[in-house]
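Tertiary structure, described
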Amino acid sequence: LISDLSEAQSFLNDYNTMMEVVYSKSIKAAWAFYTNITDHNREVMVAEDLYSDQVAQQAARNASQYNLTIMDQTMRREFIKIMDIGSAAQTDPVKQTRLKEVLSEMETIYSTAKVCIGDGECLPLEPDLTRLFATSRDHDVLLAAWQGWRDASGAKMKELYTEFVTLSNEALAILGHADTGAYWRSDYDSPEFEEEVRVLFEQLRPMYEQLHAYSRRKLMEIYGRDKFPESGHIPAHLLGNMWAQEWLNLVDDFMPFKGKPSMDVTKEMVNQGYTPLRIFQLADDFFGSLGMIRMPPEFWNGSMLEKPTDGREVVCHASAWDFYNRKDFRVQQCTDITQSDLETVHHEMGHVEYFLQYKHLPLQLRGGANPGFHEAVGDVISLSVQTPEHMKSIGLLSTIGNDTESDINFLMSMALQKIAFLPFGYLIDQWRWSVFRGDTSPEEYNDHWWDLRCRYQGVSPPVERSSSDFDPGAKYHIPANTPYIRYFVSFVIQFQFHKALCNASGYTGPLHRCDVYNNTEAGKVLGDMLKLGSSKPWTFAMQQMTGQATMDAQPLMEYFEPLLEFLRRENGNDYGWHPHCPTFKRSV
Ligand SMILES: O=C(CCC(O)(O)[C@H](Cc1ccccc1)NC(=O)c1ccccc1)N[C@@H](Cc1ccccc1)C(=O)O
Ligand SMILES: [Zn+2]
């Protein structure tokens, strides 16, 4: 083994120079495919990816010649990341090509899926089906869209997904990973990670149960009790979202105290002629106000901020892009003028702010402290932006009631985004981890999915499901093979971050009304954490920013404490649901 530190350092320098060129070429090919889905662009992307995998394999082989025991922590961390190349480890060209083709085929099916209704009109997910779920209160229309989407997306990729699982596990076994899920969890540096997230979920479950009970009662008033199963579940198509993952679109129906200003600023955004560009400029202004890095010219010139109107097929699910050349940073989003997309814009720009803050680091250390950190950055900013005070300051809210009732209304709108999401954020990778480790066979894919949905989310299928359905595939992150527990982690730690920024800014009021806009002390605390990238264990970054080294549900529960009291009073003993899905009475 090579035990010369200067030689190890020059290896790293050469590696960074070479891989910046190789990765940015590969990412440019991916961008071309995501922003114009054609067979040609897919083939180019697969070819470029195969090449960069081979270069990464060679670099990993070279890196394994060096003696890690004489290195400092950061250099060792860099070498370990260079050697842990994930699914790029597959040396069999046939299998490697097939793995990439299967993934790009599933991504294509999802991103081009449409639901054809009545008069030959076929609706894509964005913006059409998304708007339908936000605005329609017609049970049958919602059911047709819900079922149609699953027939057009998930059902078409069940065999592909089965093949993907085998190929992915094989590739990762080459590096010694037990399965794909084990490899994904290794990003959190803790062998007890599964247990840690289970404990967090159990802590937050009572709060979710209270919101679920309140929501179920409100929905029964709208749709009639007969539309709900005896088991206590809420049918999955009635929650204002294709996956029932956030319920903000129901805020006007769920508002506890009527006669107060609506918390849904979508109408106001449309009335004021908001454009996608203006929403991005608003988010950019917030980062600037914190003394953080604004989006560079390349961002504004290179991004795709709205769905093209030239008939091109694109991946509409939002994404942020680091071209790993320290110059090109972009967002791709089919931005609609809605409050939900106002959040997503901040979410995506949070990723880019991270890119900008760590671009000085060696390539292998340009990542989140853990994947949950990367997902939390934009959402932390959004917690300030959504306060009534901030909404009023940007002219999207006319009056801010400071009375308790207005406060509860505001907390309800936040709970419909943040509390509603928790079981969904938790269960997706419970399903995937069990698939990757072989506990769930392809015949059981759909049943296990609904078992988790009924058990943890209290949501049930509105129509009977069959084994030819593949409902997990109807959610972007499954065909896109993007891990999901990162969002559950983010929804917990973003409140720890919010509390840290509010403390740093000298704010002493209730956490849910804190707005750190214009506060450069808060900006410094956040920026200093982002600058670490993945150069230190995430516990170090957490300790530096919040004063403790663990994930902690307490700030989230502190934020929602006033609402929880209200919900417990409202619900009394009428809350909860049967852990198993309701059975469908077979039509005789
Ligand atoms: O999926 C997203 C936002 C997209 C993204 O920014 O997380 C995106 C997903 C993605 C897309 C393509 C390839 C890989 C991942 N992630 C990024 O663009 C990203 C993530 C980490 C580093 C760099 C870029 N949000 C989740 C969860 C969520 C988060 C926040 C609010 C609501 C809902 C969802 O919509 O279900
Ligand atoms: Zn994200």
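Above this text is the structure in question.
For the structure given in this document, a descriptive report is provided here.

Definitions and cut-offs
- Residues numbered from 1 in each chain as written.
- Chains lettered and ligands numbered in written order.
- Predicted model: local features only at pLDDT ≥ 70, side-chain atom pairs only at ≥ 80, totals over all residues.
- Heavy atoms only, no water.
- Pairing = 2+ DSSP bridges.
- Helix = DSSP H or I, 4+ residues; strand = E, 2+ residues; numbered from the N terminus.
- Core = buried A, V, L, I, M, F, W, Y, C linked by side-chain atoms within 4.5 Å.
- Buried < 20%, exposed > 50% of the residue type's maximum accessible area, 1.4 Å probe, protein only.
- Contact = heavy atoms within 4.5 Å.
- 1 Å grid on protein atoms, 1.4 Å probe; cavity = no way out; pocket = protein on both sides within 12 Å on 5 of 7 lines; lining within 4 Å.
- Points joined across faces, edges and corners; volume = space filled by probe spheres on them.
- Near = heavy atom within 4 Å.
- Polar contact = N/O pair within 3.5 Å; in protein donor to acceptor, adjacent residues only side chain to side chain.
- Areas by Shrake-Rupley, 256 points an atom, 1.4 Å probe, with all protein chains shown as cover.
- Nonpolar A, V, L, I, M, F, W, Y, C, P; charged D, E, K, R; others polar.
- Salt bridge = Lys/Arg side-chain N within 4 Å of Asp/Glu carboxyl O.
- Expected span 1.5 Å × (residues − 1).
- Donors = N, O, S within 2.8 Å, 3.2 Å for Na, K, Ca; no water.
- Disulfide = S-S within 2.5 Å.
- Axes fitted to C-alpha atoms, helices over the stretch in contact; angles between N-to-C directions.
- Parallel < 35°, antiparallel > 145°, perpendicular 65-115°, else oblique.
- Left-handed = near helix turned anticlockwise from the far one by under 90°.
- Bend = angle between axes of the 7 residues up to and from the residue.

Here the focus is the pairing of strand 4 (residues 319-322). The pairing of strand 4 with strand 5 (residues 329-332) spans four bridges and is classified as antiparallel. Directly across from alanine 320, in strand 5, lies its bridge partner valine 331. The turn joining strand 4 and strand 5, which pair antiparallel and follow one another in sequence, is formed by six residues; a positive phi near 55° is taken by tyrosine 324.

Let us look at the nonpolar core. If you look at the biggest cluster of nonpolar residues, it comprises 172 residues, and the most contacted ones within it are Trp149, Tyr161, Phe373 and Phe560. Beyond its immediate stretch of four places on either side in the chain, tyrosine 161 contacts Met106, Trp431, Arg432, Val435, Phe436, Tyr445, Phe470 and Ile478. Ranked by size, the runner-up nonpolar core spans 20 residues in total, among them Leu12, Ile85, Ala89 and Leu363.

Empty pockets left among the atoms are what a rolling probe the size of a water molecule brings to light. Here the second largest pocket is characterised by a volume of approximately 340 Å³. The wall of the second largest pocket is formed by 17 residues, among which Lys227, Phe228, Pro229, Pro462 and Phe584 lie closest to the centre.

Inspection of the region around ligand 1 gives 20 residues, with His317, Glu348, Lys475, Tyr484 and Tyr487 positioned closest. Here an oxygen atom of ligand 1 sits 3.2 Å away from a polar atom, N or O, in the side chain of glutamate 375. Contact distances for ligand 1 include 2.8 Å between an oxygen atom and a side-chain N or O atom of histidine 477. In the complex, 80% of the free accessible area of ligand 1, which totals 740 Å², lies under the protein chains. Those elements giving two or more residues to the shell around ligand 1 turn out to be strand 4, helix 14 (339-357), helix 15 (371-385) and helix 20 (485-504). Among the elements that make up the shell around ligand 1, the one with the highest residue count is helix 14 (four residues). Grouping the amino acids of the shell around ligand 1 by side-chain chemistry returns seven nonpolar, eight polar and five charged.

Overall, the coordinates contain 38 salt bridges when judged by the stated rule. Here lysine 100 and aspartate 53 are joined by a salt bridge, their closest N and O atoms 2.7 Å apart. Pair noted here: lysine 100 is in helix 4 (residues 93-112) and aspartate 53 is in helix 2 (residues 39-63), with a separation of 47 residues, a long-range link. As far as the burial class goes, lysine 100 and aspartate 53 line up, both buried.

When you line up the elements, histidine 347 lands in helix 14. Judged by its relative accessible area of 12%, histidine 347 falls in the buried class. Among the polar contacts listed, one links the side chain of histidine 347 to the side chain of histidine 351, at a separation of 3.3 Å. Here the side chain of histidine 347 touches glutamate 375 through a polar contact of 2.8 Å, side chain to side chain. When residues no more than four places from it in sequence are discounted, the contact partners of histidine 347 are Glu375, Gly378, Asp379 and Tyr487.

We now examine helix 18 (residues 422-436). Taking 1.5 Å per residue as the helical rise, helix 18 with its 15 residues ought to reach 21 Å, and the 22 Å between its terminal C-alpha atoms agrees with that figure. Counted residue by residue, helix 18 has 15 buried out of 15 residues, so it is predominantly covered. Immediately beyond the C-terminal end of helix 18, within one or two residues, lies glycine 438, with a positive phi of roughly 85°.

Once that is clear, we can look at the coordination of the zinc ion (ligand 2). For the zinc ion (ligand 2), every protein donor is listed as His347 (NE2), His351 (NE2) and Glu375 (OE), and the spread of their distances is 1.9 to 2.1 Å. Counting residues between consecutive donors of the zinc ion (ligand 2) along the chain gives the motif H-x3-H-x23-E. Here glutamate 375 lies in helix 15 and histidine 351 lies in helix 14, a separation of 24 residues in the sequence. Given a relative accessible area of 9%, histidine 351 falls into the buried group.

To continue, consider the state of the cysteines. The tally for this structure, following the rule as stated, stands at four disulfides. Linked covalently through their sulfurs, cysteine 454 and cysteine 581 form a disulfide whose S-S length is 2.0 Å. In this structure the cystine formed by cysteine 454 and cysteine 581 twists about its S-S bond by roughly 100°; its chirality is therefore right-handed. Within this pair, whereas cysteine 454 is found in helix 19 (residues 445-457), its partner cysteine 581 is found in the segment after helix 23 (554-571), the two being separated by 127 residues in sequence. For cysteine 581, a relative accessible area of 26% gives the class partly exposed. The disulfide partner of cysteine 502 is cysteine 514, and the gap between their sulfur atoms is 2.0 Å. When the S-S torsion is -105°, as for the bridge of cysteine 502 with cysteine 514, the disulfide is left-handed.

Considering the arrangement of structural elements, one finds asparagine 67 in the loop between helix 2 and helix 3 (73-83). Look at asparagine 67 and you get buried, because its relative accessible area is 14%. The sequence separation of asparagine 67 and tryptophan 538 amounts to 471 residues, and the corresponding C-alpha distance is 25 Å. Setting aside anything within four residues of it in sequence, one finds asparagine 67 in contact with Leu1, Ile2 and Ser3. Reaching out from asparagine 67, the side chain makes a polar contact with the side chain of serine 3 at a distance of 3.1 Å.

Moving on, we get to the packing of helix 14 against helix 21 (residues 520-530). Interhelical geometry of helix 14 versus helix 21 gives an angle of 70° and a closest axis separation of 8 Å. Judged on the interaxial angle alone, helix 21 and helix 14 are roughly perpendicular. The handedness of the crossing between helix 14 and helix 21 comes out as right-handed. Where helix 14 abuts helix 21, its residues Glu353, Tyr354 and Gln357 lie against Gly527, Met529 and Leu530. Tallied by class, the residues present in the contact of helix 14 with helix 21 amount to three nonpolar, two polar and one charged.

Compared with an ideal rise of 1.5 Å per residue, which puts 30 residues at 44 Å, helix 1 (residues 5-34) spans 41 Å between its outermost C-alpha atoms and is within 8% of the ideal. Approximately 25° is the largest bend angle found in helix 1, and it occurs at methionine 19.

Time to look at the packing of helix 2 against helix 4. Two numbers describe a pair of packed helices, the interaxial angle and the distance between the axes. The geometry of helix 2 relative to helix 4 is characterised by a closest axis approach of 10 Å and an angle of 140° between their N-to-C directions. Our classification of the angle between helix 2 and helix 4 gives oblique. Helix 2 and helix 4 meet at a crossing whose hand is right-handed. Contacts between helix 2 and helix 4 involve Arg42, Met45, Val46, Asp49, Leu50 and Asp53 from the first element and Gln96, Thr97, Lys100, Ser104, Glu105 and Thr108 from the second. A per-class count over the contact of helix 2 with helix 4 returns three nonpolar, four polar and five charged.

Moving on, we get to unusual backbone geometry. The omega torsion of the bond from glutamate 126 to proline 127 falls at 0°, within 30 degrees of zero and hence cis. In this structure, proline 127 sits in helix 5 (residues 125-135). Unlike most non-glycine residues, alanine 244 shows phi in positive territory, near 60°.

All we've got here are geometric facts, nothing functional implied.
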